[in-house]
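# Summary of structural features
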Amino acid sequence: QAMAPALPSELPALLSQVQSVLRQARQQAHRSVNRVMVEAYWRVGQLIVEHEQAGRARAAYGERVLDQLAQRLQDEFGAGFSVANLRNFRQFHLTFGWPEIRDTPCSELSWSHWRTLMRVTDPAARRWYGQEAQQQAWSVAALRRQIGTLYYERLLSSQDKAGVQAEAHA
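For the structure given in this document, a descriptive report is provided here. Not measured: the values here are computed from a predicted model.

## Describing the packing of aromatic side chains
Following the criterion strictly, the structure yields 17 aromatic pairs and no others. Taken together, a centroid distance of 5.0 Å and an interplanar angle of 50° make the contact between Trp42 and Trp98 tilted. Note that Trp42 is positioned in helix H1 (residues 11-52) and Trp98 in helix H5 (residues 98-102), a separation of 56 residues in sequence. Taking the ring centre of Trp98 as reference, the NZ or CZ of Arg43 above it sits at 4.3 Å. Here the guanidinium or amino end of Arg126 rests over the ring plane of Phe96, the centre of that ring lying 5.5 Å away.

What follows is the structure, given as structure tokens:
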């Protein structure tokens, strides 16, 4: 079996540059897809809310409608469209306005980040956690940890803000 020819000395540099371009493109594509899906989930929530608010009679069979809608969507689009997720989409629409999810730094957050933020009841804290998650590139686990330890609330009430921040970063 013949040996592979020796690689030119400039190949490692070229390979590194090409790999970098491809990694960046994949990251940008992932962020774009994520942003579009988050927007779609908000719009689905909007449609559900509008359907439910069309009249009192509809509220009585709203759950049955969600069950049927979920089943049909799951048949076509997969498991991500369960009744629980449709409720999440509805809550997403009710919790965040369109400009908030579309035109702020938080618009780059993942759906898992948004779902976590929906559970923060104080709008000011929710906004702050979202901005920090974006600026600090917090993972969902880090965001949950910061919310769970009441980072925002401790920061507001603390005289030693630098100490609270250092503890949170640790």
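## Quick word on helix H8 (residues 140-148)
For H8, the full list of buried residues reads Val140, Ala142, Leu143, Gln146 and Ile147. Along the axis of H8, the buried positions cluster into a sector of 160°, meaning they face one direction only. When the buried face of H8 is taken as reference, the exposed residues oriented beyond 90 degrees from it are Arg145 and Gly148. Of the residues flanking the end of H8, it is Leu150, one or two places downstream, whose phi is positive at about 55°.

## Overview of the nonpolar core
Nonpolar side chains in soluble globular proteins tend to be buried together. Counting 32 residues, the largest nonpolar core has Phe92, Trp111, Trp114, Tyr129 and Trp138 as the members making the most contacts within it. Of all the elements in the fold, those that place two or more residues in this core are H1, helix H3 (62-77), helix H4 (83-95), helix H6 (111-118), helix H7 (123-135), H8 and helix H9 (151-157). Contact partners of Trp114, with chain neighbours within four places excluded, come to Val38, Phe92, Phe96, Glu100, Ile101, Cys106, Ser107 and Leu109.

Procedures and definitions
Residues numbered from 1 in each chain as written. Predicted model: local features only at pLDDT ≥ 70, side-chain atom pairs only at ≥ 80, totals over all residues. Heavy atoms only, no water. Phe/Tyr/Trp six-rings, centres within 6.5 Å; stacked < 30°, edge-to-face > 60°. Helix = DSSP H or I, 4+ residues; strand = E, 2+ residues; numbered from the N terminus. Lys NZ or Arg CZ within 6 Å of the ring centre and 35° of its normal. Buried < 20%, exposed > 50% of the residue type's maximum accessible area, 1.4 Å probe, protein only. Arc of directions from axis to C-beta. Core = buried A, V, L, I, M, F, W, Y, C linked by side-chain atoms within 4.5 Å. Contact = heavy atoms within 4.5 Å.

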